[in-house]
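# Chains, contacts and geometry: an overview
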Amino acid sequence: MRAQDLLLGIFQALLSIAAAPLLLGWVNQCRAWLQNRRGAGVLQPYRVLRKLMHKDAVIAHNASPLFRASPYVQFGAMCLAAAIIPVVSVTAPLAAAADVIALVGLFALARVAIALAGMDIGTAFGSLGARREMMVGFLSEPALLMVFFTASLICGSTLLPVIAGTLAGRAPILYPSLAFAGVAFTMVLLAENARIPIDNPATHLELTMIHEAMALEYSARHMALVEWTSALKLMNFMAIGLALFVPWGLTAATAGPGGLVVGIAATALKLAVAGAGLALIETASAKLRIFRAPEFLATAFLFAVLGLLVHQLLGS
Amino acid sequence: MPAPALTTQLLNLGAALLLLSSFAMLSQRRILSLVNLFALQGVLLTVSTAIVAYSSGATHLYASAALSLLLKVIALPWILHRLIARLDVRWDTETQLNIPTTMLIGIVVVVFAFALAQPIAQLSQAVTRSTLGIALAVVLLSFLMMITRRKAVAQVIGFLAMENGLFFAAISATYGMPMVVELGVGLDVLVGMLILGVFFFQIREQFDSLDLHNLERLRED
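So, here's what we can say about the structure. (Residues numbered from 1 in each chain as written. Chains lettered and ligands numbered in written order. Predicted model: local features only at pLDDT ≥ 70, side-chain atom pairs only at ≥ 80, totals over all residues. Heavy atoms only, no water.)

### Concerning the overall build of chain A
Across its full length, chain A holds eleven helices and zero strands. If you list the helices and strands of chain A from N to C, you get α-α-α-α-α-α-α-α-α-α-α. For 316 residues, the compact-globule estimate of 2.2 N^0.38 gives 20 Å, and chain A sits close to it at 19 Å. Structurally, chain A occupies a C-alpha span of about 60 × 45 × 40 Å along its principal axes. Taken over 316 residues, chain A has a buried fraction of 53%. Of all intrachain contacts in chain A linking residues separated by at least 6 positions in sequence, the fraction that spans at least 24 positions is 81%. Counting 20 positive and 14 negative side-chain charges, chain A places the averaged centre of each group 7 Å from the other. (Helix = DSSP H or I, 4+ residues; strand = E, 2+ residues; numbered from the N terminus. Rg over C-alpha atoms; globule rule 2.2 N^0.38 Å. Buried < 20%, exposed > 50% of the residue type's maximum accessible area, 1.4 Å probe, protein only. Contact = heavy atoms within 4.5 Å. Lys, Arg positive; Asp, Glu negative; His and termini not counted. Charge placed at Lys NZ, Arg CZ, Asp CG, Glu CD.)

### Looking at the packing of aromatic side chains
All names here are of chain A. One pass over the full model with this rule turns up seven aromatic pairs over all chains. Here the aromatic rings of W26 and W33 are separated by 6.1 Å at their centres, their planes lie at 85°, and the arrangement is edge-to-face. What makes W26 partly exposed here is its relative accessible area of 25%. Ring centres of F67 and Y218 lie 4.2 Å apart, and the angle between their planes is 5°; this geometry places the pair in the stacked category. Taken as a pair, F67 in helix α3 (residues 65–84) and Y218 in the loop between α8 (211–215) and α9 (220–245) lie far apart in primary sequence, 151 residues in all. (Phe/Tyr/Trp six-rings, centres within 6.5 Å; stacked < 30°, edge-to-face > 60°.)

### As for the pattern of salt bridges
Residue and element names in this part refer to chain A. As enumerated under the stated definition, the model contains eight salt bridges over all chains in all. We note a salt bridge from E282 to R31, for which the minimum N-O separation is 3.2 Å. One end of the pair, E282, is in helix α10 (residues 257–284); the other, R31, is in helix α1 (residues 3–34), with 251 residues separating them in the sequence. Across the pair, R31 and E282 agree in class, each one buried. E141 is the salt-bridge partner of R111, the closest N and O atoms lying 3.0 Å from each other. Of the two residues, R111 sits in helix α4 (residues 100–120) while E141 sits in helix α5 (residues 124–155), which places them 30 residues apart along the sequence. Owing to a relative accessible area of 6%, R111 belongs among the buried residues under this scheme. By relative accessible area, which is 24% here, E141 ends up partly exposed. Among the ionic contacts, a cluster of salt bridges with common partners joins R111, E133, E141, E192 and K233. (Salt bridge = Lys/Arg side-chain N within 4 Å of Asp/Glu carboxyl O.)

### Some details on the interface of chain B and chain A
Many analyses report the size of an interface as the accessible area lost when the parts associate. Opposite the 23 residues of chain B that make contact, chain A presents 18 residues. Carbon and sulfur atoms make up 81% of the area that chain B and chain A hide from each other, which totals about 2,000 Å². Looking only at chain B, the three residues that lose the most surface to chain A are Q9(B), I107(B) and F114(B), adding up to 22% of its buried area. On the surface where chain B and chain A come into contact, there are zero salt bridges. (Buried area = accessible area lost by both parts, 1.4 Å probe.)

### Examining the packing of helix α4 (residues 99–123) of chain B against helix α5 (residues 132–148) of chain B
All names here are of chain B. In the contact formed by α4 and α5, the axes pass within 8 Å of each other and the chain directions differ by 145°. Considering the relative orientation of α4 and α5, their crossing is right-handed. Here T102, I105, G106, V109, V110, F112, A113, F114, L116, A117, I120 and A121 of α4 come into contact with α5, specifically with L132, G133, I134, L136, A137, L140, L141, L144 and T148. A breakdown of the residues in the contact of α4 with α5 according to their chemical character gives 17 nonpolar, four polar and no charged. (Axes fitted to C-alpha atoms, helices over the stretch in contact; angles between N-to-C directions. Left-handed = near helix turned anticlockwise from the far one by under 90°. Nonpolar A, V, L, I, M, F, W, Y, C, P; charged D, E, K, R; others polar.)

### Some words on helix α2 (residues 44–53) of chain A
Residue and element names in this part refer to chain A. Taken as a whole, α2 has its buried residues at P45, L49 and L52. With its buried residues spanning 65° around the axis, α2 presents them on a single face. Tucked inside the fold, the buried residues of α2 contact α1 and α9. (Arc of directions from axis to C-beta.)

### Here we look at the nonpolar core
Core analysis: the biggest nonpolar cluster contains 138 residues, and L103(A), I240(A), L19(B), F23(B), I134(B) and I157(B) have the highest contact counts within it. Per-element tally for this core: the top contributor is helix α11 (residues 293–314) of chain A, with 13 residues. Every residue in contact with L103(A), bar those within four places of it in the chain, is listed here: A81(A), I84(A), I85(A), F148(A), L160(A) and I240(A). Of all hydrophobic cores here, the second largest spans 14 residues; its members include L52(A), F67(A), A115(A) and A224(A). (Core = buried A, V, L, I, M, F, W, Y, C linked by side-chain atoms within 4.5 Å.)

### With respect to the environment of L103(A)
Residue and element names in this part refer to chain A. Within the element layout of this structure, L103 appears in helix α4. Using a relative accessible area of 0% as the deciding quantity, one classes L103 as buried. Sequence separation of L103 and L80 is 23 residues, and the distance between their C-alpha atoms is 8.9 Å.

### A short note on a nonpolar patch on the surface
Together, L66(A), V112(A), L116(A), M119(A) and M134(A) give the surface a local cluster of nonpolar side chains, amounting to about 390 Å² of exposed area. If one sorts the elements of the nonpolar patch by residue count, α4(A) sits on top with three residues. (Patch = residues over 30% accessible without salt bridge, like charges linked within 9 Å, V, L, I, M, F, W, Y side chains within 5 Å. Areas by Shrake-Rupley, 256 points an atom, 1.4 Å probe, with all protein chains shown as cover.)

### Side note on the packing of α3(A) against α9(A)
Residue and element names in this part refer to chain A. Remark: α3 packs on α9, axes separated minimally by 9 Å, with the N-to-C direction vectors making an angle of 25°. Classified by the angle their axes make, α3 and α9 are roughly parallel. The crossing of α3 and α9 is left-handed. Residue-level contacts link R68, P71, Y72, Q74, F75, M78, C79, A81 and A82 of α3 to R221, H222, L225, V226, W228, T229, L232, K233 and N236 of α9. Tallied by class, the residues present in the contact of α3 with α9 amount to eleven nonpolar, four polar and three charged. (Parallel < 35°, antiparallel > 145°, perpendicular 65-115°, else oblique.)

### Here we look at the environment of P21(A)
Residues and elements named next belong to chain A. The topology assignment puts P21 in helix α1. A relative accessible area of 1% places P21 in the buried class. Through-space distance from the C-alpha of P21 to that of L106 is 20 Å; in sequence the pair is 85 residues apart. Those residues within four positions of P21 in sequence are excluded, and the remaining contacts are V42, P45, Y46, L49, W228 and A231.

### Comments concerning unusual backbone geometry
For residues besides glycine, phi is generally negative; the peptide bonds are generally trans as well. Residue and element names in this part refer to chain A. Look at N36: it is not a glycine, yet its phi comes out positive at around 60°. One can find N36 in the loop between α1 and α2. Although it is not a glycine, A194 sits at a positive phi angle of roughly 55°. Looking at where A194 falls in the secondary structure, it is placed in the loop between α7 (176–192) and α8. Classification of A194 as buried rests on a relative accessible area of 10%.

Nothing here speaks to function; it is all geometry.
Listed below in structure tokens is the structure:
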């Protein structure tokens, strides 16, 4: 591995870590516009993070070290994931060591960390949120894996940069299987990131909340890390979706600084469109009852499996 | 790997969407949406038939496409809408099993259909041979829909969807049946639908509902 590749990879990971709150702010801003509100501006998540960083942390008496460690574990796992995913360039420093299955494992690690922290304090809300989170997680994970398998069957590799590079390098072909996988992936993205049909990130209603319930006991810098992690998770999922389904514009490993600028511009544009689309989905749909969530995710799984089967039969 | 021709790609996409519409019908709770999905499936069938006709040069398939447009997109959904309005079952909801279970059984059915179609498709020389498995899957999924539904209207829609699957199978295996057969089947379906429409009223007259479980307890009085 050349030193240049390593630098490029690290730059890419840092870029997605830094840009994650911006993406969240953009999605929130689009939602506000669609709801005829003015919104707080795209930089609001950064302001929230700065405010939280300056506060003193309060921790419950009966909290174990696990409660303190959990935000760092989550954030670390997400940063590692950001280093695996091709965001602006198909070169990723850790890509050769970790494929999409390892990526799913990293997401699972972050999820287990926050679920354990939610249960650690022993409040009713925390364990309630943890239980719901694990239910959503265990239903969405197979669907996510199936989506990845469909893409890797088409490209003959489970490494994300290779998949993205292969798809971007080919002449555009209509892949019915990838279309199915795309729909399934969108549904998984909504569920995993606690977006609207499953969870509402903007409310604190005890009947419905999932992610918020687990993070209720956190304050100050821990809270900031939890928030940043969820923003980064959204960023990572979006980047995976772009790499799998619209990989055009990613810079090749050999391109110089000029290519990098093109890659960053293309990714920013695609992320802006995808974020607006996400806001549109959230505005247009109503939140499902928690008991309907398995049905939603079973449908996602169905789409993913259908994609796989259609690929097997039609060869495309 | 060279990219297949655009018509083949479009046909594959059409076949995949047909399969998807079958699943959508399988998972639908409301009868009115079921009729709309049936009409959508008719549209997909028409478009696929037209694509096959274009790519294979078999001009009689254009007539088939026109026939299925008239019958399955316009006539049958219209009759069904009228029936549903007359019977006042527009927002009826019913399923035998819960939806996720039905979906999972549906996936198993699709795997079975694909495995069954693979050796048959090897024998065919047509460009459309790979879509035979999907046609078979549509037929079996419609079967499944008839089994899992309780009300008469939904079962009839399952029956009609099965005919869609058979039609698609004929197109993908041998570029369509002879025109006489096709016209005969089309007419049969239309007449069958009209007779079943009369049956609906009789069933409701007798039992005050369209639930076919009532038919299991028939006795001579």
